[in-house]
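# A look at the structure
Below, each chain spelled out in residue letters.
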Amino acid sequence: MKVFRLRLLLDFLAVALVIACLAYWWLDNLSHELFGTALFVLVIVHNVFNKRWYGGVTKRRMDATRIVNLVTIFCLAIGMTVMLVTSFLVSRDLFPFTALSGAFAVREIHMFAGYWVLLIIAIHLGTRWTVVINTIQSTLRFASPSTLRTVVLRAVALSIAMWGVKSSFEMAFGTKLMLTYTLDMWDFSENTLGFFVAYTSIVGLYAAITHYALGLLGDVIKGRREDRQRRGRAP
């Protein structure tokens, strides 16, 4: 269980680092590159912790959740690779000897990849949300199920998701995912916390959508399977 807790801590720390990296105009360039370097170190550590999972992928029975999880991991690997390569090409402080002069287009690709990585991480968290909740409940020593606690947690999740919808429009998140250049600029001098709350709620929104969509899909598949079994037993 301690390993699961450490993995969970690293996952949420990775989300925090991605959001911090998106707050480029709040940081100086050196801090941005240091946060980015820490993110890639976390990714390496995360993969080391999950090396047994990779070895057992082909041995597990595939269902909708595992298929989506595999697709998100594959897409995340692509996104992180794009971010890594472009980070070397635009670095000004840590790796200036690898940087290209100018490279405006590369900077744009680096930035757009960052938004996609945040979305993919959110979806990945959604596929693993049951594990996340079980780990949190074990850590807080919630031994028995509680209807009140379930209602409260679902109300909190709904509130985060609704704020995430609002923030998606406010931050023009969809536009940024479409590789469209936007001139919007968050005013960190007025509200720094709001930036992080907005992107955290966006992560919560897409994690919730993924979790509940997969749950609904699982129920539909289970219902159809049971229906076929009943028809097979019918005289």
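Rules of the game
- Residues numbered from 1 in each chain as written.
- Predicted model: local features only at pLDDT ≥ 70, side-chain atom pairs only at ≥ 80, totals over all residues.
- Heavy atoms only, no water.
- Helix = DSSP H or I, 4+ residues; strand = E, 2+ residues; numbered from the N terminus.
- Buried < 20%, exposed > 50% of the residue type's maximum accessible area, 1.4 Å probe, protein only.
- Contact = heavy atoms within 4.5 Å.
- Areas by Shrake-Rupley, 256 points an atom, 1.4 Å probe, with all protein chains shown as cover.
- Axes fitted to C-alpha atoms, helices over the stretch in contact; angles between N-to-C directions.
- Parallel < 35°, antiparallel > 145°, perpendicular 65-115°, else oblique.
- Left-handed = near helix turned anticlockwise from the far one by under 90°.
- Expected span 1.5 Å × (residues − 1).
- Polar contact = N/O pair within 3.5 Å; in protein donor to acceptor, adjacent residues only side chain to side chain.
- Core = buried A, V, L, I, M, F, W, Y, C linked by side-chain atoms within 4.5 Å.
- Phe/Tyr/Trp six-rings, centres within 6.5 Å; stacked < 30°, edge-to-face > 60°.
- Lys NZ or Arg CZ within 6 Å of the ring centre and 35° of its normal.
- pLDDT = per-residue confidence, 0-100.
- Nonpolar A, V, L, I, M, F, W, Y, C, P; charged D, E, K, R; others polar.
- Patch = residues over 30% accessible without salt bridge, like charges linked within 9 Å, V, L, I, M, F, W, Y side chains within 5 Å.
- Salt bridge = Lys/Arg side-chain N within 4 Å of Asp/Glu carboxyl O.
- Lys, Arg positive; Asp, Glu negative; His and termini not counted.
- Charge placed at Lys NZ, Arg CZ, Asp CG, Glu CD.

## As for the overall build of the chain
What the chain contains, in helices and strands, is 9 helices and 0 strands. Relative to its full complement of 235 residues, the chain shows a buried share of 33%. Counted over contacts in the chain with a minimum sequence separation of 6, partners at least 24 positions apart contribute 75%. For the chain, the exposed surface amounts to about 14,900 Å²; the carbon and sulfur share of it is 69%.

## Some remarks on the packing of helix 4 (residues 64-90) against helix 5 (residues 104-127)
Remark: helix 4 packs on helix 5, axes separated minimally by 8 Å, with the N-to-C direction vectors making an angle of 155°. Looking at the two axes, helix 4 sits roughly antiparallel to helix 5. Remark: the crossing between helix 4 and helix 5 carries left-handed chirality.

## So, helix 2 (residues 29-49)
The end-to-end C-alpha distance of helix 2 is 30 Å, a good match for the 30 Å that 21 residues give at a rise of 1.5 Å each. Within helix 2, the full set of buried residues consists of Asn 29, His 32, Glu 33, Gly 36, Leu 39, Phe 40 and Leu 42. Where helix 2 starts, the residue carrying a side-chain oxygen 3.1 Å from the main-chain nitrogen of Leu 30 turns out to be Asp 28.

## Side note on the nonpolar core
Generally speaking, a soluble globular protein has its nonpolar side chains buried in company with each other. If you look at the biggest cluster of nonpolar residues, it comprises 33 residues, and the most contacted ones within it are Leu 118, Phe 173, Phe 195 and Tyr 199. For this core, the secondary-structure elements that each account for two or more residues are helix 1 (2-22), helix 2, helix 4, helix 5, helix 8 (173-177) and helix 9 (192-233). When residues of this core are assigned to their parent elements, the largest contribution, 9 residues, is made by helix 5.

## Details of the packing of aromatic side chains
Pairs of aromatic rings are described using the distance from one ring centre to the other and the angle between the two planes. All told, the structure shown has 13 aromatic pairs when counted by the stated rule. Members of the aromatic cluster, each reached through a chain of ring pairs, are Trp 26, Tyr 115, Phe 173, Trp 186, Phe 188, Phe 195, Phe 196, Tyr 199 and Tyr 206. If you follow Lys 166 out to its NZ or CZ, it ends over the ring of Trp 163, 4.5 Å from the centre.

## A short note on the confidence of the model for the chain
Put simply, the chain has an average pLDDT of 84, and 90% of its residues get 70 or more. Per-element mean pLDDT across the chain ranges from 68 in helix 3 (residues 51-55) up to 91 in helix 5.

## Comments concerning the packing of helix 2 against helix 4
Contact geometry for helix 2 and helix 4: axes closest at 11 Å, N-to-C directions at 140°. Compared by their axis directions, helix 2 and helix 4 come out oblique. Crossing angle aside, the handedness with which helix 2 passes helix 4 is left-handed. Side by side, helix 2 and helix 4 meet where Leu 39, Phe 40 and Val 43 of the first sit next to Met 80, Met 83 and Leu 84 of the second. Here the residues of the contact of helix 2 with helix 4 sort into 6 nonpolar, no polar and no charged.

## A few points about a nonpolar patch on the surface
Together, Phe 74, Ile 78, Val 82 and Ile 109 give the surface a local cluster of nonpolar side chains, amounting to about 350 Å² of exposed area. In terms of residues, the nonpolar patch owes the most to one element, helix 4, which gives 3 residues. Exposure remark for Phe 74: the relative accessible area of 55% places this residue in the exposed category.

## Quick word on the side chain of Ser 168
By the element assignment, Ser 168 lies in helix 7 (residues 147-170). On the accessibility criterion, Ser 168 (12% relative accessible area) is buried. Those residues in contact with Ser 168 that sit more than four places away from it in its chain are Phe 173, Gly 174, Ile 202, Leu 205 and Tyr 206.

## A short note on a positive patch on the surface
On the surface, a cluster of positive charge is contributed by Arg 61, Arg 66, Arg 128, Lys 222, Arg 224, Arg 225 and Arg 228. The greatest single-element share of the positive patch, amounting to 4 residues, is contributed by helix 9. With respect to the secondary-structure elements, Arg 228 resides in helix 9.

## Examining helix 4
Compared with the 39 Å implied by 1.5 Å per residue over 27 residues, the 39 Å span of helix 4 between its first and last C-alpha is a close match. By the burial criterion, the buried members of helix 4 are Ala 64, Asn 69, Thr 72, Leu 76, Gly 79, Met 80, Met 83, Thr 86, Ser 87 and Val 90.

## Brief notes about the environment of Ile 202
Within the element layout of this structure, Ile 202 appears in helix 9. Accessibility expressed as a relative area gives 1% for Ile 202, which makes it buried. In this structure the C-alpha to C-alpha distance between Ile 202 and Lys 166, which are 36 residues apart in sequence, comes to 8.8 Å. With near-sequence residues (within four places) excluded, Ile 202 lies in contact with Gly 164, Ser 167, Ser 168, Met 171 and Phe 173.

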